[in-house]
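# A structural walkthrough
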Amino acid sequence: EMLERFVDHATEEAGIAFWHELPDHLVSLSPDAREHLWREMLARYWRDRRTNMPRALSTGEVREMIAWVPALSEVASEVLDALRASPGEDIENADHILWQWTQDPAWAREHPNEAAGIVGFLCERRCVSRWNADNAAAVLTICLDAGASPKAVRLAVEPLVELATEAAVALLKRLNDR
């Protein structure tokens, strides 16, 4: 396929730049077109890359692919599953989406379980920086208030408590009081 040929010939930096730009273009497609693109091409491509075909995903590529989850809203849970199956820990600057969601929480409110899942992925992979931990707790609060599964929120917030943020501790207390 075309994407595999691109990966074969592109540098890692070119791939990172491409995946960084893709979400901006995906949101301009119709919902049906995004779903079709995911199911017919991008899901298979991501699966192949996770199995090192034509080469392994770099942590930089995974960082940029985090933004695919909200960009592909119609299939966000499937994209989140692909993200969770991807390699990488301590991915530098992977938590930038948290600040974005504190400024504009609309997507997190509309997709609270998937947003909590992204925060959980970031926490589980040790990608949330200490300075961004309060933003992670704020996003999880938004998710919980919007109907996210308390279990998903708890799984994501527990590692944040280790960063000793007051917001994470308060959210965990709120969950425990339920």
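Let me begin by describing the structure that accompanies this report. (Residues numbered from 1 in each chain as written. Predicted model: local features only at pLDDT ≥ 70, side-chain atom pairs only at ≥ 80, totals over all residues. Heavy atoms only, no water.)

## Looking at the packing of helix H7 (residues 96–103) against helix H9 (residues 112–124)
Interaxial distance between H7 and H9 falls to 10 Å at its minimum, and their mutual angle equals 145 degrees. H7 and H9 meet at a crossing whose hand is left-handed. Here Ile-97, Leu-98 and Trp-101 of H7 come into contact with H9, specifically with Ala-115, Ile-118, Val-119 and Leu-122. Looking at the contact of H7 with H9 residue by residue, the classes come out as 7 nonpolar, no polar and no charged. (Axes fitted to C-alpha atoms, helices over the stretch in contact; angles between N-to-C directions. Helix = DSSP H or I, 4+ residues; strand = E, 2+ residues; numbered from the N terminus. Left-handed = near helix turned anticlockwise from the far one by under 90°. Contact = heavy atoms within 4.5 Å. Nonpolar A, V, L, I, M, F, W, Y, C, P; charged D, E, K, R; others polar.)

## Here we look at the packing of aromatic side chains
Across all of its chains, the model carries 7 aromatic pairs by this definition. Summarising the aromatic geometry, the rings of Phe-6 and Phe-18 are spaced 5.0 Å apart at their centres and angled 45 degrees between planes, so their arrangement reads as tilted. A residue pair is termed long-range when its members are at least 10 positions apart, and Phe-6 in helix H1 (residues 2–9) and Phe-18 in helix H2 (residues 12–26) qualify at 12 residues. Among the residues examined, Phe-18 registers a relative accessible area of 34% and is labelled partly exposed. Between the aromatic rings of Trp-46 and Trp-68, the centroid separation amounts to 5.1 Å while the plane-to-plane angle is 75 degrees, which identifies the pairing as edge-to-face. (Phe/Tyr/Trp six-rings, centres within 6.5 Å; stacked < 30°, edge-to-face > 60°. Buried < 20%, exposed > 50% of the residue type's maximum accessible area, 1.4 Å probe, protein only.)

## Focus on the pattern of salt bridges
Summed over all chains, the structure comprises 12 salt bridges. For Arg-63, the salt bridge is made with Glu-64, and the minimal N-O distance between the two is 3.0 Å. Glu-64 carries the same exposure label as Arg-63, and that label is buried. Beyond isolated ion pairs, a larger network of salt bridges with shared partners links Glu-35, Arg-39 and Glu-78. (Salt bridge = Lys/Arg side-chain N within 4 Å of Asp/Glu carboxyl O.)

## Quick word on the environment of Ile-91
Inspection of the secondary structure puts Ile-91 in the loop between helix H6 (76–84) and H7. For the pair Ile-91 and Val-169, spaced 78 residues apart in sequence, the C-alpha separation works out to 24 Å.

## Topic: the layout of surface pockets
Considering only enclosed or pocket space, the largest pocket measures out at about 420 Å³ in volume. In terms of lining residues, the largest pocket is bounded by 16 residues, among which Pro-23, Ala-67, Pro-70, Ile-97 and Gln-100 are the most central. When contributions to the lining of the largest pocket are tallied by element, the ones reaching two or more residues are H2, helix H5 (68–71), H7 and helix H8 (106–110). Across the lining of the largest pocket, the residue classes tally to 10 nonpolar, 3 polar and 3 charged. (1 Å grid on protein atoms, 1.4 Å probe; cavity = no way out; pocket = protein on both sides within 12 Å on 5 of 7 lines; lining within 4 Å. Points joined across faces, edges and corners; volume = space filled by probe spheres on them.)

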